[in-house]
Amino acid sequence: MTHSTDGTVYDVMVAGGGPAGSSVAAFAAMQGHRVLLLEKEEFPRYQIGESLLPSTVHGICGLLGVTEELESAGFVRKRGGTFRWGSNTEPWSFDFALSEKFAGPTSYAYQVERAKFDQLLLDNARRKGVEVRERCAVRDVLEDDGRVRGVRYTDPDGAERAVHARFVVDATGNQSRLQRYVGGQRRYSDFFQNIALFGYFEGGRRLPSPNSGNITCVAFPSGWFWYIPLSDTLTSVGAVVRKECADQVRGDRAEALSALIADCPLIADYLSGARRVTSGRYGEVRVRKDWSYLHDTFWQPGMALVGDSVGFIDPLFSSGVHMATYSALLAARSLNTALRGDLGERECFAEYEARYRKEYQAFHDFLVNFYDVNRDEQQYFEVARHVTRDTAAGAGAFVGLVGGGASDEAVLTSESYRDKRKKDLLEQSRGVHQEGHRIQLQAAFGEAVDDTPLSADGLVISQDGMHWEKSVTSSAL
């Protein structure tokens, strides 16, 4: 083992301190591994505001141990979403409580200012034992004999340094310079090639209680708008326009955003008494290409991609932080299992990739159908049932998907849903051999209820939720 420049040996080195990087670092450190995180900026730093999903708030953040901090941070609580979308000319809303996956005390999420939220997660990683170094930009990786062994980076004084680790995780986002080291390339969606133009407003209208914290999404001729209440008075407003309408976002950005707002009567009405923020962190009108993509490969020996480094999906259902932190959890299970020597590296990361691709594909396939604005909400609900194979009545399957529960990982869902799964397992397991029955019930009671591998030779989640293990039921058949 080669040592870092200061003689320290790290088990995991994470590049990037956003939600994916801080989460995967914390999950590894919580298992006793020595973890270093390098972040090129100094927190708090600006990041586009985000509408979180219940699976992130009550699942991932619960595992990370930041539930109380989230509750006391003052973020706007959202019960669901509101859409002016499809053939219905009137806005329609859904509550997360409509899905049994999020029923009860977990039927809400938050609208967060990312500077505050990301700082909260990074500080939590520090408390969990991660060594965090800010203003350290990772430049490239160190390779030896076909394996990534560490990285080169620039420290706050501009000095070039090297650090070695058993595993490197790239969490540097959509502008990643490291993802090329895993081979393959990004595959961009032919369907989702949109451009977002967005700013922040003070004094925008709120929906009547109890939906005042809802995100509102509104279709208009050039694409759609998001309208996210980040506080009682501050609202993130963005227009996502199709590639063929790109001319509408050229020139002066503030003027372009005003013109797009005028072209969307509902958003114009919501902002009729508001003023755009023109100074400070939120004073700039920004542009981002929201082109969806997925990398060919997720890992190579000694290195893995997480978060926007591995994939990005159209932001209509606010799945960005969900996909980032879910990838962090999956990758952390692979890292923890490989570092402990329980299973081979290839098998562990193949499980990560399979599960992430399944979740990504569910969002992608549903979004393709949702962009057909000639349907009504009942037809969208039916598409959600088909895509997710969820038989829930009414809006249940739709809400289960957009709430981040399509993977059916019980750690991301409500306690009542875990209880229901336990009962289902009891019924399904009649006649199954004793060991298989035991594993099924162990999963039902454990932190992470998931006793069904994705494939015949796939892995299942350990009872502690932080590792992979062989499926006893499949190996015994």
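Residues numbered from 1 in each chain as written. Predicted model: local features only at pLDDT ≥ 70, side-chain atom pairs only at ≥ 80, totals over all residues. Heavy atoms only, no water.

Basically, it comes down to this: UniProt positions are given in the numbering used here, feature names are shortened, and annotations may be inferred rather than shown by experiment.
Within an unreviewed UniProt entry, the label attached to the protein reads FAD-binding protein, and the organism entered is Streptomyces hygroscopicus. The annotation that UniProt attaches to the protein under Sequence similarities (unreviewed entry) is "Belongs to the flavin-dependent halogenase family. Bacterial tryptophan halogenase subfamily."

### Focus: the overall build of the protein
We count it as follows: Only runs of H or I of at least four residues qualify as helices and only runs of E of at least two qualify as strands under DSSP, and these elements are numbered from the N terminus. Taken over C-alpha atoms, the radius of gyration is set against a globule rule of 2.2 Å times the number of residues to the power 0.38. Type-normalised accessible area, obtained with a 1.4 Å probe on protein chains alone, sets the label of each residue: buried when under 20%, exposed when over 50%, and partly exposed for intermediate values.
Counting its secondary structure elements, the protein contains 13 helices and 22 strands. Taking 2.2 N^0.38 as the reference for a compact globule, 477 residues should give roughly 23 Å; the C-alpha atoms of the protein span a radius of gyration of 22 Å, in line with that estimate. The principal-axis extents of the C-alpha atoms in the protein amount to approximately 65 × 60 × 40 Å. Across the 477 residues in the protein, those meeting the buried criterion constitute 59%.

### Topic: the sheet that holds strand β7 (residues 109-112)
Defined as follows: Two strands qualify as a pair provided that DSSP identifies no fewer than 2 bridges between them.
Across the sheet, which stays open at both edges, the three strands sit in the order β3-β7-β4 with antiparallel pairing between neighbours. On the outer flanks of this sheet lie β3 (50-51) and β4 (76-78), each paired with one strand and no other. Sheet analysis places β3 next to β7, joined by two bridges and oriented antiparallel. Among the inter-strand pairings, E50 is bridged to a residue of β7, identified as V112.

### Considerations on the confidence of the model for the protein
Any region with low pLDDT has predicted coordinates that should not be read closely. Basically, it comes down to this: Looking at any residue, its pLDDT shows the predictor's confidence there, from 0 to 100. Contact between two residues is taken to exist if any of their heavy atoms lie within 4.5 Å; hydrogens are not considered.
Overall, the prediction assigns the protein a mean pLDDT of 89, with 90% of residues at 70 or greater. Taken as a whole, residues 429-449 scores under 50 in pLDDT and shows 38 contacts with residues more than four places along the chain or in a different chain.

### Here's the deal with the environment of S327
Using the following cut-off: By the criterion applied in these results, polar contacts are pairs of N or O atoms within 3.5 Å in which, for protein atoms, one can donate a hydrogen and the other can accept it, and in which residues neighboring in sequence qualify only through two side-chain atoms.
Looking at the secondary structure, you find S327 in helix α7 (residues 320-340). The exposure class of S327 is buried, given its relative accessible area of 0%. Of note is the side chain of S327, whose polar atom sits 2.9 Å from the backbone nitrogen of G307.

### Looking at the packing of aromatic side chains
Applicable threshold: Working definition: a ring pair exists when centres of Phe, Tyr or Trp rings (six-membered ring for Trp) sit within 6.5 Å. Plane angles under 30 degrees give stacked, over 60 give edge-to-face, the rest tilted.
Evaluated as defined, the whole model comprises 40 aromatic pairs. An angle of 80 degrees between the planes, with centres 6.0 Å apart, marks the rings of F317 and F398 as edge-to-face. Of the two residues, F317 is situated in the loop between β20 (311-312) and α7 and F398 in helix α10 (residues 396-402); the sequence distance between them amounts to 81 residues. In terms of burial, F317 and F398 fall into one category: buried.

### Comments concerning empty space enclosed by the protein
Quick reminder of the rule: For cavity detection a 1 Å grid was placed over the protein atoms alone, and a set of points counts as a cavity when a 1.4 Å probe fits there but cannot get out; an open set counts as a pocket when protein lies on both sides within 12 Å along at least five of seven lines, with lining residues being those that have an atom within 4 Å of a point. Grid points are joined across faces, edges and corners, and a volume is the space filled by probe spheres set on the points. Side-chain classes are defined by residue name, with Ala, Val, Leu, Ile, Met, Phe, Trp, Tyr, Cys and Pro counting as nonpolar, Asp, Glu, Lys and Arg as charged, and the others, Gly among them, as polar.
Evaluated as defined, the whole model comprises five cavities of 30 Å³ or more. Each pocket or cavity is described by its volume, and for the largest cavity that value is around 80 Å³. Lining the largest cavity, in full, are L53, K78, F83, F94, F96, I215, C217, L316, F317, S318 and V402. Across the lining of the largest cavity, the residue classes break down as nine nonpolar, one polar and one charged.

### A few points about the side chain of R355
Turning to its location among the elements, R355 is positioned in helix α8 (residues 345-370). One polar contact links R355 to E351, side chain to side chain, over a distance of 2.7 Å.

### Quick look at the packing of α8 against helix α9 (residues 377-388)
Here is the rule we go by: Only the stretch in contact is used when fitting a helix axis, every axis being a line fitted to C-alpha atoms; angles between N-to-C directions are given from 0 to 180 degrees. Geometric relationships in this document are graded by angle, where less than 35 degrees denotes roughly parallel, more than 145 denotes roughly antiparallel, 65 to 115 denotes roughly perpendicular, and other angles denote oblique. In this scheme, a crossing is called left-handed if the near helix is turned counterclockwise away from the far one by less than a right angle; it is called right-handed if the turn is clockwise.
Here α8 crosses α9 at 155 degrees, and the two axes come no closer than 10 Å. Relative to α9, the element α8 lies roughly antiparallel. Note that α8 runs across α9; the crossing there is right-handed. Where α8 approaches α9, its residues A362, D365, F366, N369 and F370 are matched on the opposing element by Y380, V383, A384 and V387. Of the residues contributing to the contact of α8 with α9, the split by class is seven nonpolar, one polar and one charged.

### Focus on a positive patch on the surface
Under the convention used in this document: Here the term patch refers to residues with relative accessible area over 30% and no salt bridge, with like charges joined within 9 Å and nonpolar side chains (Val, Leu, Ile, Met, Phe, Trp, Tyr) within 5 Å. A 1.4 Å probe and the Shrake-Rupley method give the accessible areas. Residues count as covered only by the protein chains that appear here. Think of a salt bridge as a Lys or Arg side-chain nitrogen and an Asp or Glu carboxyl oxygen that are within 4 Å of each other. Charge assignment in this entry is limited to Lys and Arg as positive and Asp and Glu as negative, and neither His nor the chain termini are counted. Each charge is placed at NZ for Lys, CZ for Arg, CG for Asp and CD for Glu.
Taken together, the side chains of K40, R139, R177 and R180 present a region of like positive charge at the surface. Inspection of the secondary structure puts R139 in strand β9 (residues 137-144).

### Quick look at the environment of A125
Among the structural elements, A125 can be located in helix α4 (residues 114-127). Along the backbone, A125 and G344 are 219 residues apart, and their C-alpha atoms lie at a distance of 26 Å.

### Side note on the nonpolar core
Applied cut-off: Only buried residues count toward a nonpolar core, which is a set of Ala, Val, Leu, Ile, Met, Phe, Trp, Tyr and Cys residues joined through side-chain atoms within 4.5 Å.
Formed by 125 residues in total, the largest nonpolar core has its most connected members in F83, L316, F317, F370 and F398. At 12 residues, the largest contribution of residues to this core is made by α7. When sequence neighbours within four positions are dropped, the list of residues in contact with F398 reads F83, W92, F94, F317, F366, F370, F381 and A384. Counting 24 residues, the second largest nonpolar core, distinct from the first, contains L207, F220, Y270 and L271.

### Overview of helix α1 (residues 19-29)
Along an α-helix, a turn takes 3.6 residues, which lines up residues three or four apart on a common side. In terms of burial, α1 is largely enclosed, as 11 of its 11 residues are buried. What α1 keeps buried is the set P19, A20, G21, S22, S23, V24, A25, A26, F27, A28 and A29. For α1, the elements touching its buried residues are β1 (10-15), β2 (35-39), α2 (54-64), α4, β11 (160-170) and α7.

### Re the pairing of strand β12 (residues 186-202)
In terms of burial, β12 is a largely internal element, 12 of the 17 residues being buried. Note: β12 against strand β15 (residues 234-242), nine bridges, orientation antiparallel. Its bridge partner being in β15, I195 is matched across the sheet by V241.

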